[in-house]
Amino acid sequence: MKVLLPAAEVAPIIKLGGLGDVVGSLPKALEKIGVNVDVIVPFYPTAKVQDVKIFKAFDLEVPYDDTANLVEVYKTKLPDSNVDVLLLKNSKYFSRGGKDAFANKISETEMFAFFSRAVVEFVKAQFNTYDLVHCNDWHTGMIPHLLDDELAETRPAVLYTVHNLAYQGIGDQELVQNMGIVPGDHPLIDWDIADGDVNFMLQGITSSDYVGTVSPTYAKEILTPEYGGDLVDVLQVRESRVAGILNGIDTSSFPRDYTSHNWREAKKDHKAALLEKFGLTDPQKPLVSFIGRLDPNQKGLDILYEAIPSIVKAGGNFVLLGTGDAGWQDKLTKFAEQDDLRGAVSINIMFDVDLARKIYSGSDFLIVPSKYEPCGLIQMISMWYGTLPIVRATGGLKDSVTEGKTGFLFDDYSSQALIEAVNKALITYSGHGETSFDSMVVAAMQADFSWDSSAREYKKLYEKVHALRKEVANA
Ligand code: ADP
């Protein structure tokens, strides 16, 4: 089985969030079980290629907007693996890349309309190489239609994975023609553009052979109006072809200088260093942290904000690391300057992978209060570092954290429910809880979030989707 995996990012070369982590690690796990995956991404000027060997492979001519565009195809490998990464270079369309790449903005949709066409030209140039194309999120949602148009029955099977349904990539309807799709050829596109724009996520969901998501719970949630939102109808139509596979983490990307046997002393030192760095006092206090994108619609910032004074009142220190919404950045920064929080709260508005590691290893608890969370990696990384997660019971958070064993869960989306879960965690820390804090840390560190079992599930799903496609192509 030979698979092509198009995506907007791949860690460590381009990492903006969890998607990059997944694209950078799943192919390595698949390689170990005999599935050959090539990753294909835009070559942004910001791509970190200083430490890898990179070669120009060949030129592609990509028709887009009635113009023949030159795309240079570069090749490198994922670190410590044989997985090929193809980077598509074009100074006009891939001149930027950053957090904006996730917005529902016209400029990003144009960039990924072009990317989608370029990926399909690449598949054509490699004719008969790929059995399956594994698309990821809205950036790649137009690829199935383009494959149909360009390769008809000889096209590879397509699995389309939804990593986050909230970012749909809604662009000007002109993009459809720019990509070379003829209006009238696809009823689903005609239906979609009747309101003047095209929704890439909707197209990916409806035109692929199978839809995947990143946790079993999220797979069920998106079929309900609360989580499925505007797309619930099209998702429900595809219900028999929706699967959820929990993401794993590549622990080699998260260095740790302690094990589940000697964590106590090491974490104590990390915590002391962290408190000193942030000007926080009293290492005896439990340290509760938050790391993540400051996205007020998803990440639970409102309930977190209300809970912070209670964490301090209950005797904890609090550290936040995140970037995102400008209003929330200001609000959180000002808040930490309040007299009653001084010396106990540190707000760090930045994206810093090194600092994130220091916080993971030096904290006692990590809060993930998300309103929704397709999978979430932060809670898994946190457990790997022996830091107990306090999470809302939704999506992949629910599938990966076990109440009272590896962390703490709360159901209601409210600051009250979050505060209760934090209080329970702090009581456990003090030694007066139902379970021992130390045994929970050990259980969290020993939980297996490697990609091994999920990669086996992906292999099975690839085989199933490939067989389904063959049936249709041979009919
Ligand atoms: P999402 O993909 O929704 O952003 P995930 O939990 O799946 O959330 O993954 C987030 C990833 O990004 C984790 O690896 C986390 O450590 C990292 N991350 C998020 N915010 C920051 C930040 N400000 N600095 C460093 N790393 C961050």
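Residues numbered from 1 in each chain as written. Predicted model: local features only at pLDDT ≥ 70, side-chain atom pairs only at ≥ 80, totals over all residues. Heavy atoms only, no water.

Caption draft 1: Here's a closer look at the pattern of salt bridges. Throughout the structure, instances matching the rule amount to 20 salt bridges. Linking arginine 293 and aspartate 295 is a salt bridge whose minimum nitrogen-to-oxygen distance equals 3.6 Å. Given the relative accessible area of 33%, arginine 293 is considered partly exposed. Residues joined by salt bridges that share partners form a network here, namely Arg117, Glu121, Lys124 and Glu150. (Salt bridge = Lys/Arg side-chain N within 4 Å of Asp/Glu carboxyl O. Buried < 20%, exposed > 50% of the residue type's maximum accessible area, 1.4 Å probe, protein only.)

Caption draft 2: View of the pairing of strand S16 (residues 388–392). Of all 5 residues in S16, 5 are buried; the element is thus mostly enclosed. Neither face of S16 is left uncovered, since the one carrying Leu388, Ile390 and Arg392 and the one carrying Pro389 and Val391 both have all their residues buried. By the bridge criterion, 4 bridges tie strand S15 (residues 365–368) to S16 in an arrangement that is parallel. In the strand pairing of S16, valine 368 is matched with valine 391. At this point the chain moves from S15, through helix H14 (residues 378–384), to the parallel S16, and the crossover so formed is right-handed. Sheet topology note: the S16/strand S17 (residues 408–410) ladder contains 3 bridges and is parallel. Note on S17: the bridge partner recorded for valine 391 is leucine 409. Handedness of the crossover is the feature at issue here: the chain leaves S16, passes through helix H15 (residues 395–400), returns alongside S17, and the resulting connection is right-handed. (Helix = DSSP H or I, 4+ residues; strand = E, 2+ residues; numbered from the N terminus. Pairing = 2+ DSSP bridges. Right-handed = clockwise from strand over helix to strand, strands pointing away.)

Caption draft 3: Looking closely at the site of the ligand. Surveying the vicinity of the ligand reveals 19 residues, the closest of which are Gly18, Asp21, Arg293, Met350 and Tyr360. Contact distances for the ligand include 2.9 Å between an oxygen atom and a side-chain N or O atom of lysine 299. Isoleucine 378 is positioned such that a nitrogen or oxygen atom in its backbone is 3.2 Å from an oxygen atom of the ligand. Computed on the free molecule, the ligand has an accessible area of 570 Å², of which 92% lies beneath the protein chains in the complex. For the shell around the ligand, the secondary-structure elements that each account for two or more residues are helix H1 (18–32), strand S13 (317–322), helix H13 (353–362) and H14. (Near = heavy atom within 4 Å. Polar contact = N/O pair within 3.5 Å; in protein donor to acceptor, adjacent residues only side chain to side chain. Areas by Shrake-Rupley, 256 points an atom, 1.4 Å probe, with all protein chains shown as cover.)

Caption draft 4: Fine view of the packing of H1 against helix H18 (residues 452–474). Between H1 and H18, the least distance of the axes is 9 Å, while the angle of their chain directions is 80 degrees. As judged from the angle between their axes, H1 and H18 are roughly perpendicular. Contacts between H1 and H18 pair Leu26, Ala29 and Leu30 from the former with Ala455, Tyr458, Lys459 and Tyr462 from the latter. Partitioned by chemical class, the residues of the contact of H1 with H18 number 6 nonpolar, no polar and 1 charged. (Axes fitted to C-alpha atoms, helices over the stretch in contact; angles between N-to-C directions. Parallel < 35°, antiparallel > 145°, perpendicular 65-115°, else oblique. Contact = heavy atoms within 4.5 Å. Nonpolar A, V, L, I, M, F, W, Y, C, P; charged D, E, K, R; others polar.)

Caption draft 5: Inspection of the packing of aromatic side chains at higher detail. All told, the structure shown has 20 aromatic pairs when counted by the stated rule. Ring centres of phenylalanine 112 and tryptophan 138 lie 5.4 Å apart, and the angle between their planes is 80 degrees; this geometry places the pair in the edge-to-face category. In this pair, phenylalanine 112 sits in helix H2 (residues 106–125) while tryptophan 138 sits in the loop between strand S6 (132–136) and helix H3 (143–151), placing the two residues 26 residues apart along the sequence. An identical accessibility class is assigned to phenylalanine 112 and tryptophan 138; each is buried. Of the aromatic side chains, those joined through ring pairs into one cluster are Tyr64, Tyr93, Phe94, Phe112, Phe114, Phe115, Trp138 and Phe200. (Phe/Tyr/Trp six-rings, centres within 6.5 Å; stacked < 30°, edge-to-face > 60°.)

Caption draft 6: Quick look at the sheet that holds S17. Strand order in the open sheet made by the 6 strands is S14-S13-S12-S15-S16-S17, with parallel pairing throughout. Both outer strands of the open sheet, strand S14 (345–349) and S17, are each paired with one neighbouring strand and no more. Across this sheet, the average inter-strand angle for adjacent strands is 15 degrees, counted without regard to direction. Contacting strand S12 (287–291), S13, S14, S15 and S17, helix H11 (residues 301–313) crosses the sheet at an angle of about 155 degrees to S13. On top of the sheet, H13 reaches S12, S13 and S15; it is set at about 145 degrees to S12, its chief contact.

Caption draft 7: Representation of the sheet that holds S6 within the structure. Spatial ordering of the open sheet is given by S3-S4-S5-S2-S1-S6-S7-S10-S11, a layout of 9 strands whose pairing is mixed. The open sheet has two edge strands, strand S3 (55–64) and strand S11 (242–244), and neither has a second partner. The mean inter-strand angle of the sheet, taken between neighbouring strand axes irrespective of direction, is 25 degrees. One ladder, built from 5 bridges, connects strand S1 (residues 2–6) with strand S2 (residues 36–42); its direction is parallel. What sits directly across from valine 3, in S2, is valine 37. The strands touched by H3 within the sheet are S1, S6 and strand S7 (157–162), with S6 carrying the most contacts at an inclination of about 150 degrees.

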